[in-house]
There are 2 protein chains.
Amino acid sequence: MERITATYLIETPLVPEEAAQVLAGEQSSGTFVAIPGETEELKQRFAARVESVEVKDMVGNPSLQGLTSKNSTYHRAEIKISWSIENFGNNLAVLISTLQGNLYELRQFTGLKLMDIELPLSYGNHYRGPAFGIEGCRKLAAVSGRPLIGTIIKPSIGLTITETANIVKTLTEAGIDFIKDDELLSASANSPFEERVREVMKVINAWAGRTGKKVMYAFNISGEIDEMMQRYEVIVKHGGTCAMISINSVGLAGTKKICDQGQLAIHAHRNGWGMLTRHPLLGIAFKAYQKIWRLTGVDQLHVNGIQNKFWESDDSVVESIQSCLTKMYTHKTILPVVSSGQWGGQAPETYRRTQTIDLLYMAGGGIMAHPMGAAAGVMALHQAWNAAMNGMSIEEAAGLYPELAKSVEKFGGK
Amino acid sequence: MERITATYLIETPLVPEEAAQVLAGEQSSGTFVAIPGETEELKQRFAARVESVEVKDMVGNPSLQGLTSKNSTYHRAEIKISWSIENFGNNLAVLISTLQGNLYELRQFTGLKLMDIELPLSYGNHYRGPAFGIEGCRKLAAVSGRPLIGTIIKPSIGLTITETANIVKTLTEAGIDFIKDDELLSASANSPFEERVREVMKVINAWAGRTGKKVMYAFNISGEIDEMMQRYEVIVKHGGTCAMISINSVGLAGTKKICDQGQLAIHAHRNGWGMLTRHPLLGIAFKAYQKIWRLTGVDQLHVNGIQNKFWESDDSVVESIQSCLTKMYTHKTILPVVSSGQWGGQAPETYRRTQTIDLLYMAGGGIMAHPMGAAAGVMALHQAWNAAMNGMSIEEAAGLYPELAKSVEKFGGK
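Everything numeric in this text was worked out from a predicted model, so none of it was measured.

Draft legend 1. Region of the structure containing the overall build of chain A. Looking only at helices and strands, chain A has 18 helices and 13 strands in total. The C-alpha atoms of chain A give 24 Å as radius of gyration, which agrees with the globular expectation for 414 residues (22 Å, within 12%). Here chain A, with 414 residues, has 66% of them falling under the buried criterion. When contacts within chain A are restricted to residue pairs at least 6 apart in sequence, long-range pairs at least 24 apart make up 75% of them. Here chain A displays about 13800 Å² of accessible surface, and carbon together with sulfur accounts for 49% of that area. When the 40 basic and 42 acidic side-chain charges of chain A are each reduced to a single mean position, those positions are 4 Å apart.

Laid out in structure tokens, this is it:
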């Protein structure tokens, strides 16, 4: 029978093998005492199995509160645990409860982070994965040979529908590929959802009619199921190509339901992610996280950006981009969404380190606050990526392009 | 205009007031640079507001990686931030993205935990809250004047349907009030969902027909939306009264959709919770967490237990119980589910510290592994709560009741 294997980074005052056995017991047939019905046969079939324990390190102070080590020794180890797929079948929610459930509560661990998941081929066959993926999004937005250039409507919240539509018009005419609502906005008092879609799509459709290029706009539909379904239909009706979901806020079941519709590309915003990963010994690593969401069927997933405004290191961002671009079964690969404090200056380094143009490269303030206006901001982004792909530095490119030069002046010192 | 206020515990190398302003900016109209459209009028209406900053403490080492303090000084403070409800209206997903979104990523914080949320009355009027709550669950299970005594089918996974039904029969006849699937089980290879419901409910309905008491069984429906809806109907069809959802795995939108049906009490399992709260300066505190799930409409919510097998302190467990029992608007209050390493011995201390019988008190191994069998395990639980409510110690009660005496022998040393 096929098995699912999870890799955890653990910290424990116990012998690591013993701690691994506690986890395997708690997360399969066991509980805190031996149970009459837990026969050898049942264990053989359903018990989780410790596949490997690789000791990494030893520290004197626990990362998290838990059992106290008498000799102040906390072991760090990488462990692999496996479960038969018979335990849950194709149920992602129960898979998550098994891989990320009560184990975080076990006092035997003073640190526990899910690092990776290996899922058998039967999962690949059962789930469709992204309906559009990188290639589909490129087609919808009519972009090839370079990253998609995107922006976020800023101010994040508060603009009227007319103001929003006007910004969309400016951006569209300046050559933007992708625009999204900020995640703080779905429908505010002065920006009801359907009216916003109608007015924004009027602008986008008019431009597409003239030029053949339809800008992809990710309308934030995050909300309750029925409302999301209804708003999804509103987008389809007005000729939109994309919906955005705050995946951590909406959750797995809601996101899956929307992805299953298959008519719109799904832009997955990972806001709240910091809570799940920021501690090095608690939560879940992006490599594992993105696999779950790819099974769910999202087409685009946020990965932060090089030299971002957040806490995350460039190494970690690069690794996240690579995860998204790694083939999974025969599924389409998903588009990494590079965002956070981006203004174009990071394009050469992003390209140098990832060697890919399969990115949705997003600048919010970096476009909207451009000294010559948002249109120049869009141009500066294109210029920055031209430079990156041609092996030029930003300084060299700034010598050629006045818009990019202004960006360097304004954002270069940040 | 009414406002929503969130209380955070923060740690920052900056002056706390300044850090609070960064958070308020990031989570409303601002971004990393000033934006042309962010007018004074717009800010007045939509910007988040720093309501208070109360400095608590100072530490020399940061709890999480972020901006480095030059003089090794990290301030801890409690801050209150408020938003106009105009920003999101009655959209819980966007509320969460605002209160728990990208703020955890901000490098300006080396610690950030959402401690509490104050929601205006309009929220109370918009959401129904729990359809059953404590009183409704008591009626469905026909229990008054004491806590509901519950158990979890153990082994957690692997039993056949016949084995499960036989255990249910034993427990029912022994006077159990509540039984639940383990969260690791929804439908496994040898326990398909509908067959399990049918066979379990046959036992429960037969007993109810004879005695008038229908044991509440929480079938784990966690999964995708359509499947959950279909399984919900299966439970209703077979006369069940409760469905269980792993709320962190299923997520907000999916859970809300199920709660909205209103025909079954919803048992909310919080597995995965450790990941969200175990670090003292990251994530969310239970007080805030339970408010969101009460708005969603769950009827029962896990709170861990006194002297549990997990990492959590008794103080924290007591506080969680009190949170669930605190009135919210005119909504029904929710039933705290006491669980984890419970066997009855903790009943007197649980009662002494909480002074309530409005609990669903659950023992898994504590019942199933009882030396005289599961039926005696159920009796021992009743005996323990009898003792607790009558001011007796477990030792005194063990002198009266042989079943409880056996529990003390077996579990008392753990």
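Draft legend 2. Molecular detail of the relation of the copies chain A and chain B. Laying chain A over chain B is done by rotating through 180° and shifting 0.0 Å along the axis; what remains is an RMSD of 0.0 Å. Expressed as a symmetry operation, the mapping of one chain copy onto the other fits a two-fold axis. Closest approach to the rotation axis within chain A is made by the C-alpha atom of A:Gly251, at a distance of 1.9 Å. Comparing interface residues between copies, 100% of those in chain A also lie at the interface in chain B; the contact surface is shared.

Draft legend 3. Highlighting the domain arrangement of chain A. Residue and element names in this part refer to chain A. Per the domain assignment, the segments making up chain A are domain 1 (3–126) and domain 2 (133–411). Once you take the C-alpha centre of each, domain 1 and domain 2 turn out to be 36 Å apart. Residue-level contacts link 23 residues of domain 1 with 18 residues of domain 2. Each partner contributes to the roughly 1800 Å² buried at the junction of domain 1 and domain 2, and carbon and sulfur atoms together form 68% of this total. A per-residue breakdown of the area domain 1 buries against domain 2 is headed by Leu92, Lys113 and Ile117, which together make up 30% of the total. Here domain 1 and domain 2 share 2 salt bridges between them. Elements supplying a minimum of two residues to the side of domain 1 that touches domain 2: strand E1 (3–12), helix H3 (92–99), strand E4 (111–118) and helix H4 (121–126). Counting residues per element, the side of domain 1 that touches domain 2 draws most heavily on E4, at 7 residues.

Draft legend 4. Focus on the packing of helix H7 (residues 193–211) of chain A against helix H8 (residues 225–237) of chain A. Residues and elements named next belong to chain A. Here H7 crosses H8 at 20°, and the two axes come no closer than 9 Å. As the angle between them shows, H7 and H8 are arranged roughly parallel. Once H7 is placed against H8, the crossing between them reads as right-handed. Where H7 approaches H8, its residues Phe193, Glu194 and Val197 are matched on the opposing element by Arg231, Val234, Ile235 and Lys237. Of the residues belonging to the contact of H7 with H8, the class tally is 4 nonpolar, no polar and 3 charged.

Draft legend 5. Examining the pattern of salt bridges more closely. With the rule as written, the count across this model stands at 52 salt bridges over all chains. B:Asp226 is the salt-bridge partner of A:Lys257, the closest N and O atoms lying 2.7 Å from each other. Of the two residues, A:Lys257 sits in helix H10 (residues 252–261) while B:Asp226 sits in helix H8 (residues 225–237), which places them in two different chains. Using a relative accessible area of 16% as the deciding quantity, one classes A:Lys257 as buried. One salt bridge connects B:Lys202 with B:Glu199, and the closest N-O pair in it is separated by 3.2 Å. Note that B:Lys202 and B:Glu199 are positioned in helix H7 (residues 193–211) at a spacing of 3 residues, about one turn of the helix. A relative accessible area of 23% places B:Glu199 in the partly exposed class. One network of salt bridges, with partners in common, ties together A:Asp116, A:Lys287 and A:Lys291.

Conventions and cut-offs
Residues numbered from 1 in each chain as written. Chains lettered and ligands numbered in written order. Predicted model: local features only at pLDDT ≥ 70, side-chain atom pairs only at ≥ 80, totals over all residues. Heavy atoms only, no water. Helix = DSSP H or I, 4+ residues; strand = E, 2+ residues; numbered from the N terminus. Rg over C-alpha atoms; globule rule 2.2 N^0.38 Å. Buried < 20%, exposed > 50% of the residue type's maximum accessible area, 1.4 Å probe, protein only. Contact = heavy atoms within 4.5 Å. Areas by Shrake-Rupley, 256 points an atom, 1.4 Å probe, with all protein chains shown as cover. Lys, Arg positive; Asp, Glu negative; His and termini not counted. Charge placed at Lys NZ, Arg CZ, Asp CG, Glu CD. Least-squares fit on C-alpha atoms with pLDDT ≥ 70 in both. Domains from an automatic or database assignment. Buried area = accessible area lost by both parts, 1.4 Å probe. Salt bridge = Lys/Arg side-chain N within 4 Å of Asp/Glu carboxyl O. Axes fitted to C-alpha atoms, helices over the stretch in contact; angles between N-to-C directions. Parallel < 35°, antiparallel > 145°, perpendicular 65-115°, else oblique. Left-handed = near helix turned anticlockwise from the far one by under 90°. Nonpolar A, V, L, I, M, F, W, Y, C, P; charged D, E, K, R; others polar.

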